[in-house]
Amino acid sequence: MVHSRVTITYTAPRVLASHESFPLLLTAFRQHLPLHNLHWKSAARATLRTVQELQIELVPLEEVKDEQASQVPVSLLERPLGNLFFVQCDDNDTYKATVRKQIRDWVSIVSQRRNQDYLVVLVVRPEARQQGNKLFQGMKSTMLDRLKSDFTTGKKDHCTQLNWSMSQNEPAGWADVITRLKEQIIASFDASVTLREEEVRRNEAQRHVPGWNFCNFVVLKESLALSYEGMNLLEDALVVYDELETSFYQVLREMNLSWFGKLGGQDPGDDSLPLLSLSKKPYRDLMLNNTITVFDFRCYLLARQCSLLGQMLKVTRLARKAQGFISGFALTLEEQSKDTFPEYFLESWQFSSALSVVDQCQTWARSVTLDTAATISLNGALAELIELARNQLDRIGLHTGHLPPIDPYLALSKDAHNDSSVRSGEEEERGKRTISNVELLAAIKKRESFDQVYVNTTKRAIECCVISKRKRSALRLHFSLAVLDVVRGRPAAAASAYRSLPPHYSHSLWASLEAPLLSRSIACIDQLPEGEQNPSEWVADALGLMKALVGVGKLGAGKVLEGFWANEVPVEAEEEAEEDIPQKKEKYFAKLVKKLREVGGKLHEELRITHHPALALVLESKNAPPAEGQDGCHVDVLIVNALPCEILVDAIEVVLSGVNESNKAIFRLDAAVLPSGRTTFRLFSPSPHSGLYILDSSSIMLSHLTFYQAASSSLDKVRTVKLPADHACTTVLASPPRIMHLDQSPRLMLTVVAGRNTVKRAAFTISDLSRNVSFRIASIETEGTKEAQGHLEVSAEEIQVTDLPSFQELEFIVPYYGADRGAGISLLIEGTYVTKDQPEVVRTLHVTRPVRVTLPMAVNVQDFFRGSNTFSKFNVASDGQQYLRLLGAKLEGTTDLYKIKMCRNSASGPTVVSPTRQASFVFKLEAKRTPAVNESREPLRVVINYRSLWDEMFCIVSRHVKHLVHDLGIQEHGEWLRERIMSRLERENEQIGRYCLTGQLHIRASAEEWSEEVASYERGSTLKSQLLEALRQIAELITAGASAVPEDSRIRILSIPVDVPVTQILNRVHIDIPKHVNVYAGQPVQATLRIYSTIIPEGSLSQKMGFDVLADFSTWLVSGQKRGEFDVDVGTVLSSWVAVLNTVEQDNITVSIPLTLVPMRHGALFFPQVSVYPISTEDTPTFNGRPPELPTSDTYQANAADTILVLNRVARTTYMLNLPTAHPEQTTDPAAA
C-alpha cells in the first residue's frame, strides 16, 4: 500500500504516556492538523513551492517498521518525516536521573533513520507552575535550557516548550510547536527528495547499459510522483508522470519493449472496465514482475495523470487528455493487433472508456462550483467523448446491419467489417471470444436494444453540445437521429426533425446543408397519409428548399447537390438516364413548383413570404408611359426567376408610394408565366396618379402564397418613378363657393369632372388632412348656377355620383364646421369610380386639394352721424394678391326704420381693386321714425358682386380652347392646352397689369417654346403636330381679338352682415369767432365754444359729459377752459328726436365756453379739434363687479372744414451798427501791418 500522508512519530516517557492527560494532549495536537502554508525552496528548483494544506498522520514510534525491511522503492512518505518526544519534568533531579537517559536512548534510535529529524517537546502545565515557590519556578524555567544544552547539535535546535494543560488549551501555546514541526517536515522531505532525484538520474543514465530495466525505472521515478502527491504538490507529481510518458515514447521509438509482455487487452473485462480506475489491476506488482503489458501500462499512466488532474479540479483538461488518449491508442491497437482482439473489442473499449471518463468527470465537476466559461469548456470536452462513443455505435450498426450504409453513417464504415466473406482459422478462433460489455452485446444481437443505446447516447451528446454552445455539432447529431427515424419508418418524426435543422444554418448561409435537409423533410411528408399531411409545413419546407437552391448557386457549391437531383428524379427510360444534372434539376423543381401551387391552395389563410431569393422584382421604369385612350399608366418591371424551371403565377403587383403614405399607386398584371432567368413585364394601373413616386413594395401571387418584397430604406437605393399627369381623367376639384355669406356656416364647392370618361358610378369621401374641420355630408346641395349633369346621391359618410357624361361637370356645395387655423384647408378626396366603357375595372381616386378659405378682399365700414341721417362708408381693399373687378354693391336691411340710398351714380362702371388700389361705397341711412326704447334692430347686409381678373382671363382662354379642340377633334387634350396657356400668362407678371388697364391679353411665345411644351407632354406623343398648331392658333386668337369676358363668366357674391349704426349721445361742436375781423399771427382772438348734445331715447335720464380742446402747439395756443364737464339732461330732449334735430341751434345749446385763440403762424388754418365723451359717476350702473358701462357717444365738429385766414403782421425794425471809419491823413505802417 502506498502511503498518501506524511507520517510523524511520537514518543513519551512511560509515566507521561500512561497518564490520563496524554491522550488529551494528542487530541489537542490533532486539532491543529492539517498543517497549512508550508513553503519549500529546493536547491534544484528555481521557484518556491507552497503547500496550502498537508495531511499529517500521528503514529507511535513503535508501530513504524524498520526501513531495512523493504528494498522496493516506494513513496518517500512511507518513512516518517519527523519524530516528536513529549516530556513533562518539574524536578531537576528526576531529569538527571531518568528523563535525560530516556531522551538520549530515543535520539539514538531516530538518528539512525536517514533524512529524519527529531524534536523534544517540553510540556509545561501553567497551574503547576503557579503552585510552587519562586525558587522552584525558576528551576522549572531553566528546564528548557537544560534540554537545549544537552540535545542541541551544532546550530540546529531540537527542543521547544509547550504550555498546555487539560483545563487550558490555547492555540497560542501550540504556535512554536507547529512552526518547528513544519520546518522539520520540509527539511526531511527536501533531503529525501534530493537523494531520490539523484538516484533516478543515475538509473536513467544507465538506460543504454545492458541489464537496465524500464519497469524498475518507472517504479523508482514514480516514487517521486507519489511523494509529491502525498505532500499535495500535485503539479510536480504531474510533471513526473509526463516525463515518464515521454520516456515511454522514447523507448517506443527505439523499439525496445522487452520489459513488457504482450500488447495486452486480452484479459477479461479489458474492453469494459473503467479507464481511470487504479484498482482494477495490480499495476505495481505487474511492473515489479516485468509482466505488465503495453495496454495496461498506458492505461495505468493515464489513470495516474487524470487522478492528479481531478484532484487539481482541472476536469476539462482531464477530459481532453482522455479523449486524445482513447482516439490515439485505439489506432495503435488497430494497427498492431486488430486480428487478435475479440470482435468489436476496439469499439467496446472506446465506447466503455469514453463513457466511464464522462461519468468520472461529471462526478468531480459536481463537487465544485464552476463558472460559466469553465462549464462551457467542460461540456465541450465531454461532448467530444460522448460523440466518440457514439461513433463506435455507428460502426457496430453498419457491421451488424442495424444501420444502412448511407450518410451520416457511411463515413465510419470499415473495410475490415465489410469484407467478411472469407475468414481464416485465427479469425474463427477470435470470433469465439466475445466482448464483456453487456449493453453492447444486447445492442449487437437486437435492433431495439441498439436503437435505445444509440438514441440515449446521442441525446446525451446533444445535451453537452447545447450546454457548451456547440450548436452545429448538436444539429449534426439531430440529423443522425432524423435519418434513424427514416430508416425505422417514422416519417412524421423524421420530417419534424429535418424541419427544425435548416433555420440554424440559414443565418450562416450554409445553403448546401439546408437543401438536403429540406428535401428529406418534403420526402418524409409525402410518405405520410394525405389526412396526416400538414400543408403549412410542406409549403414552408418547399420555400426553404427553393431558397437554399439559390444560396447554393450564389456560393458556387452547386455540385454539392448534383447527386441529390439525380436520385430524386426517377429514371423511366434509358435515354433519361443519360440526361445531365441540370435537366434533372429542372424536372425536380418543376414538379416541386407544381405541387407548391396545389398545396398552397389548401392553406386557410394567405401566406406572405418576404424577400424570397427565388423570385426578385426590379423596377425598370423611371418615367411611366401613359395608357392611350383611358385613365392610368404603365410601368416596366424586371423579374428574376432563380429557379431552373418556369413558374405560373396568378398576378404580379407593384405598389408605388406618393408624398403621403396613404397615396398609393398599384400596378398589376394577371396570370403570367415567369421563365427561368430574367424577364421584363409591363404592369398597368387603371387609376389616375401623377407626380414623383417611390417604390414601396412588390408582390408575386401564387395560389394562396404571396412573394412580398419591400423597398429598400437606404436613400441611395430608392427607386423613383415619374407618373404622367392626366388632364382628361376623372377627378374632383375643390374651390370656395361663388356665394359666400359670412354669417352662415362656411362652405366649399366640389366639382366632379368626368373628363374623357362617361362615369357610371363614382363614390368618394372627403376629409381634412389637418383634422381641424369636419364636413356635413348630409347637408350637401347642388350649385344652381347652371343645369346639373349627372345624379348626386348622399349617404351618411359617402358621396355618390352616377351617369355623368364625358367632359361634363357636376358642382355641389359642402358645409363644414371647425377652425381652419390658417389660410386654407388641405382637402383629401378618396374614392372609386367605374366608367361605362370598362365597367369591370374599378379605379381609385386619391387627390389632395388645397382650398383657400380666406376672403379675397378686406371690407371696412365707417359710420358718420349727421342729425337724423347716418352715412356708412365701406372701404374695399385687396388681400394683397388678388385683382378684383367690383361689379356693384348694395346695402340691404330693415325698411321701416331707415331709407337706404347709395351715394353713387348708377351709371358708373365697375371698379378694379388691386393690391395698390382700393375702392369705396357710401350709403345714406335716413331715419323714418324714432325707434322705441329697447327696440331690436335687425342687422343690415352689404352685398358685393365681383369677379377675379384671373377668372376672367381663365374664361377667355377656356372659350377659345373649347371651340378649337371641338373643331380639331382633340377634346381629350383641351384641359392640357388651357393649362399651358394659363401657365404662360402666369409666368408673365405684366399680363395682369396690362389686362387690368386695357382689357387685352398678349401671349408672347416662339415656335421653339411651344415645341418644348408639346415634347414634355407624355400623352401627346401621337398628336404633336395638332397640339402644336392648336397652341399657336389659340395664342393668335387671344392676342389678336378683343378679350371680351364671356357672358357665362361666373360672378362671385360676398354677403357681409353689418350692425345698424347707433349712438346714444350725439354731440355737435361749433367754434365761433367774430366775423369781418382781420386775424394776425400772434394776435389773440376771442372765440366761443358751443356744444350741442342730444340723448337718443334709450332709457337713460341724464349723463355727465366731458370735453377737451385739442390743439397743435405749432398752430394754436388756446387760453381759457380747455377741459371741463357738463350734464346732459333729459329735459333738453323734445318728444320727437327728429324734431329736436330740426330745431334751431340755440334752442338746444347744452354748453357755451369762451376761449382765447392765438395763431402761431399765418395762412389758412383749421380750428382746433374738440373731443366730447361721457364720464362715469357713482350712479353709472355696473354688472357683476365689472367696470361701468358708459353710453355710446359720437361727436362731429360742424365747422371742421372751415378755415380762418391768418395774416402776417407787417412791422419794421431799425438796427444801428457802429462801424469804424479810416481817415485819409492817417497812414499805415506796412511793417506794423
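Since the model is a prediction, treat every value here as computed from it, not as a measurement.

## Notes on the overall build of the chain
Move 1: Broken down by element type, the chain carries 32 helices and 46 strands.
Move 2: For the chain, buried positions account for 45% of its 1233 residues.
Move 3: Taking the intrachain contacts of the chain between residues at least 6 apart in sequence as the baseline, contacts between residues at least 24 apart amount to 74%.
Move 4: For the chain, the computed accessible surface area is about 63300 Å², with 50% contributed by carbon and sulfur atoms.

## As for helix α17 (residues 438–445)
Move 1: Three or more residues of α17 are buried, namely Leu440, Ala443 and Ile444. The arc that holds the buried residues of α17, viewed along the axis, is 100°, so those residues lie on one side. Turned more than 90 degrees off the buried face of α17, the exposed positions are Val438 and Lys445.
Move 2: The inward-facing, buried residues of α17 abut α13 (345–366), α14 (372–400) and α18 (447–467).
Move 3: Near the N-terminus of α17, the side chain that reaches the backbone nitrogen of Glu439, with its oxygen 3.0 Å away, is that of Asn437.

## A closer look at the pairing of strand β46 (residues 1203–1207)
Move 1: Along β46, the buried face is formed by Ile1204 and Val1206; none of Thr1203, Leu1205 and Leu1207, which line the opposite face, is buried.
Move 2: Note that strand β43 (residues 1163–1166) and β46 share four bridges and pair antiparallel. Across the sheet, Gly1163 pairs through a bridge with Val1206, a residue of β46.

## Observations regarding the pairing of strand β24 (residues 799–804)
Move 1: Across the six residues that make up β24, a large majority, five, are buried.
Move 2: What sits between the antiparallel neighbours strand β23 (residues 791–794) and β24 is a turn of four residues.

## Brief notes about the pattern of salt bridges
Move 1: Going through the model one piece at a time under the given rule, you end up with 52 salt bridges.
Move 2: With its nearest N and O atoms 2.4 Å apart, the salt bridge here joins Asp631 to Arg756. You can see Asp631 sitting in the loop between β9 (615–619) and β10 (633–641) and its partner Arg756 sitting in the loop between β19 (747–753) and β20 (759–768), a full 125 residues away along the chain. An identical accessibility class is assigned to Asp631 and Arg756; each is buried.
Move 3: A network of salt bridges, in which partner residues are shared, links Asp267, Asp270, Lys281 and Asp296.

## Quick look at a nonpolar patch on the surface
Move 1: On the surface, a cluster of nonpolar side chains totalling about 280 Å² of accessible area is made up of Ile694, Leu715 and Val718.
Move 2: By the secondary structure assignment, Leu715 is in the loop between β15 (705–710) and β16 (720–723).
Move 3: For Leu715, a relative accessible area of 78% gives the class exposed.

## Brief notes about the packing of helix α8 (residues 214–230) against helix α11 (residues 294–311)
Move 1: Interaxial distance between α8 and α11 falls to 13 Å at its minimum, and their mutual angle equals 10°. Taken together, α8 and α11 sit at an angle that is classed as roughly parallel. Contact with α8, carried on its side by Phe214, Val218, Glu222, Leu226 and Glu229, involves Phe297, Tyr300, Arg304, Leu308 and Gln311 of α11 and no other residues of that element.
Move 2: Each residue belonging to the contact of α8 with α11 can be placed in one class, and the counts come to six nonpolar, one polar and three charged.

## Things to note about the nonpolar core
Move 1: Membership of the largest hydrophobic core comes to 187 residues, with the highest contact counts inside it found for Phe86, Ile185, Met231, Trp349 and Leu656.
Move 2: Take this core: its biggest share by element is 11 residues, from α14.
Move 3: Not counting residues up to four positions away in its chain, the partners in contact with Ile185 are Val6, Ile8, Leu35, Leu54, Ile56, Leu81 and Met231.
Move 4: Core analysis: the next-biggest nonpolar cluster, separate from the first, contains 29 residues, Val732, Leu750, Val801 and Tyr816 among them.

## Comments concerning the packing of aromatic side chains
Where two aromatic rings form a pair, the distance of their centres and the angle of their planes describe that pair.
Move 1: The tally for this structure, following the rule as stated, stands at 30 aromatic pairs.
Move 2: Note on Phe22 and Phe86: the rings are 6.1 Å apart at their centroids and 75° apart in plane angle, and the pair reads as edge-to-face. With a gap of 64 residues between them, Phe22 in helix α2 (residues 21–30) and Phe86 in strand β5 (residues 82–87) connect regions that are remote in the sequence. Side by side, Phe22 and Phe86 carry an identical accessibility label, which is buried.
Move 3: Over the ring of Tyr708 we find Arg608; its NZ or CZ atom is 3.9 Å from the centre of that ring.
Move 4: Over the ring of Tyr1092 we find Arg1068; its NZ or CZ atom is 4.4 Å from the centre of that ring.

## Some thoughts on the packing of helix α27 (residues 949–968) against helix α31 (residues 1024–1040)
Move 1: Between α27 and α31, whose axes approach to 10 Å, the crossing angle comes to 140°. Accordingly, the angle class assigned to the pair α27 and α31 is oblique. In the packing of α27 onto α31, the handedness of the crossing is right-handed. Together, Val957, His960, Val961, Leu964 and Leu968 of α27 and Gln1026, Ala1030, Gln1033, Ile1034, Leu1037 and Ile1038 of α31 make up the contact between the two elements.

## A few points about the sheet that holds strand β18 (residues 739–741)
Backbone-to-backbone hydrogen bonds join strands into a sheet, with any given pair of strands oriented parallel or antiparallel.
Move 1: With mixed pairing, five strands are arranged side by side in an open sheet as β18-β35-β34-β30-β32. Strand pairing shows two members of the sheet lacking a second neighbour, β18 and β32 (911–913), which therefore form its edges. The sheet shows a mean angle of 30° between the axes of neighbouring strands, taken without regard to direction.
Move 2: In this sheet, β32 lies alongside strand β30 (residues 884–892) in antiparallel orientation, the contact comprising three bridges. Within β32, the residue paired with Arg885 across the bridge is Val912.
Move 3: Sheet strands in contact with α27 are β30, β32, β34 (940–948) and β35 (1052–1058), and its direction is about 45° off that of β34.

## Observations regarding the sheet that holds β20
Move 1: Strands sit in the order β23-β24-β20-β26-β27 across an open sheet of five strands; the sheet is antiparallel. Every other strand in the sheet has two partners, leaving β23 and β27 (843–852) as the edge strands with one partner each. Recorded for the sheet is a direction-independent mean angle of 25° between the axes of neighbouring strands.

## Quick word on helix α19 (residues 471–487)
Move 1: The end-to-end C-alpha distance of α19, which contains 17 residues, comes to 25 Å, matching closely the 24 Å that a straight helix rising 1.5 Å per residue would cover.
Move 2: Residues of α19 that are buried: Ser473, Ala474, Leu475, Leu477, Phe479, Ser480, Leu481, Ala482, Val483, Leu484 and Asp485.
Move 3: Taken from the residues just after α19, Gly489 is the one with a positive phi, measuring 80°.

Parameters at a glance
- Residues numbered from 1 in each chain as written.
- Predicted model: local features only at pLDDT ≥ 70, side-chain atom pairs only at ≥ 80, totals over all residues.
- Heavy atoms only, no water.
- Helix = DSSP H or I, 4+ residues; strand = E, 2+ residues; numbered from the N terminus.
- Buried < 20%, exposed > 50% of the residue type's maximum accessible area, 1.4 Å probe, protein only.
- Contact = heavy atoms within 4.5 Å.
- Areas by Shrake-Rupley, 256 points an atom, 1.4 Å probe, with all protein chains shown as cover.
- Arc of directions from axis to C-beta.
- Polar contact = N/O pair within 3.5 Å; in protein donor to acceptor, adjacent residues only side chain to side chain.
- Pairing = 2+ DSSP bridges.
- Salt bridge = Lys/Arg side-chain N within 4 Å of Asp/Glu carboxyl O.
- Patch = residues over 30% accessible without salt bridge, like charges linked within 9 Å, V, L, I, M, F, W, Y side chains within 5 Å.
- Axes fitted to C-alpha atoms, helices over the stretch in contact; angles between N-to-C directions.
- Parallel < 35°, antiparallel > 145°, perpendicular 65-115°, else oblique.
- Nonpolar A, V, L, I, M, F, W, Y, C, P; charged D, E, K, R; others polar.
- Core = buried A, V, L, I, M, F, W, Y, C linked by side-chain atoms within 4.5 Å.
- Phe/Tyr/Trp six-rings, centres within 6.5 Å; stacked < 30°, edge-to-face > 60°.
- Lys NZ or Arg CZ within 6 Å of the ring centre and 35° of its normal.
- Left-handed = near helix turned anticlockwise from the far one by under 90°.
- Expected span 1.5 Å × (residues − 1).

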